[in-house]
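These are the residues of each chain, in order.
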Amino acid sequence: MTEAAGESGKSTPFGVERDPRRAAAFSDAVIAIAITLFVLEIRPPQDSQDMLHGLAMLWPSYLSYVLTFMLIGQIWANHHVMFDHIRSVDRVVLLLNTVLLMDIAFLPFAAAVLAEAFSDRQGERTAVVFHGITFLVAAILFNAIWEYVRHNNRLLAATIDSAGARAISWRFRLALAWIASGTLVGAVLPALGIAVIAAFIPFYWLPIRGEIARAKRRRGQGRQA
């Protein structure tokens, strides 16, 4: 059941479901703003006499920029994967999604801390753990939203079957374990921790197997019709 906002002059009850498109559009806007703020954290060299050397010394900022930009790009892509299969949202989903967006908006600061630590060669372990925990919170929230909507098919659309839903769950849980592992490694060996988290990037741009199978079945049924 979907109820228009403000109908009968009363606030919408806690469990009433809404169209997820507004939540997805708002999320896209927040992510777009957050992801464009990263480049503002890269400051030009103060010494213009040896500009080439100064630009080269900004490598920690470049590393932090690329790593965080690509990771937040994955958040955006997987957010679409998730909301493509959500039929409607209630206030629990809206709350969890709002907290997720709050965490995403915090990522430019975490990226700046990481770049500053490696630039100064002080506090690298703390910076890697701080950066990793910020992404870990996002992974926790992804799992919370998805498991909530798929429990007893509470808010899932008919665009995905149980195998596809399990495939998405597996991917989100693996992300949680992967980022946690990189964060823990970074607490001891910062550079290796960053490498573990960076290895997460190419793997998580791969499509989810359950969705591909579902799409193939639909195309096959269409040809037979």
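Residues numbered from 1 in each chain as written. Predicted model: local features only at pLDDT ≥ 70, side-chain atom pairs only at ≥ 80, totals over all residues. Heavy atoms only, no water.

**Section: the nonpolar core**
1) Next: Grouped together as the largest cluster of nonpolar side chains are 52 residues, with contacts concentrated most on I72, I75, M82, F83, I104, W146 and V149.
2) Next: Where this core is concerned, the elements lending two or more residues are helix 1 (21-37), helix 3 (59-83), helix 4 (91-120), helix 5 (124-150), helix 6 (162-186) and helix 7 (190-204).
3) Next: Of the residues forming this core, the biggest block, 11 residues, is contributed by helix 5.
4) Next: Apart from residues no more than four positions distant in its own chain, I104 is found in contact with I31, A34, I72 and I75. (Core = buried A, V, L, I, M, F, W, Y, C linked by side-chain atoms within 4.5 Å. Buried < 20%, exposed > 50% of the residue type's maximum accessible area, 1.4 Å probe, protein only. Helix = DSSP H or I, 4+ residues; strand = E, 2+ residues; numbered from the N terminus. Contact = heavy atoms within 4.5 Å.)

**A short note on helix 6**
1) Next: With 25 residues, helix 6 extends 36 Å between its outermost C-alpha atoms, agreeing within 8% with the 36 Å of an ideal straight helix rising 1.5 Å per residue.
2) Next: Listing the buried residues of helix 6 in full gives G164, A165, A167, I168, S169, R171, F172, A175, I179, G182, T183 and G186. (Expected span 1.5 Å × (residues − 1).)

**Quick notes on the packing of aromatic side chains**
1) Next: If you walk through the whole model with that rule in mind, you get eight aromatic pairs.
2) Next: When the ring of F109 is compared with that of F130, the centres are 5.9 Å apart and the planes differ by 90 degrees; the resulting orientation is edge-to-face. Placement of F109 in helix 4 and of F130 in helix 5 is noted, with a sequence separation of 21 residues between them.
3) Next: When its relative accessible area of 28% is taken as the criterion, F130 is described as partly exposed.
4) Next: Look at F142 and F172: their rings are 5.3 Å apart centre to centre, the planes differ by 70 degrees, and that puts the pair in the edge-to-face class. (Phe/Tyr/Trp six-rings, centres within 6.5 Å; stacked < 30°, edge-to-face > 60°.)

**Observations regarding unusual backbone geometry**
1) Next: Backbone geometry at R121 places phi at a positive 60 degrees, although glycine is not the residue there.
2) Next: Its place among the elements puts R121 in the loop between helix 4 and helix 5.
3) Next: Here R121 falls in the exposed class, since its relative accessible area comes to 66%.

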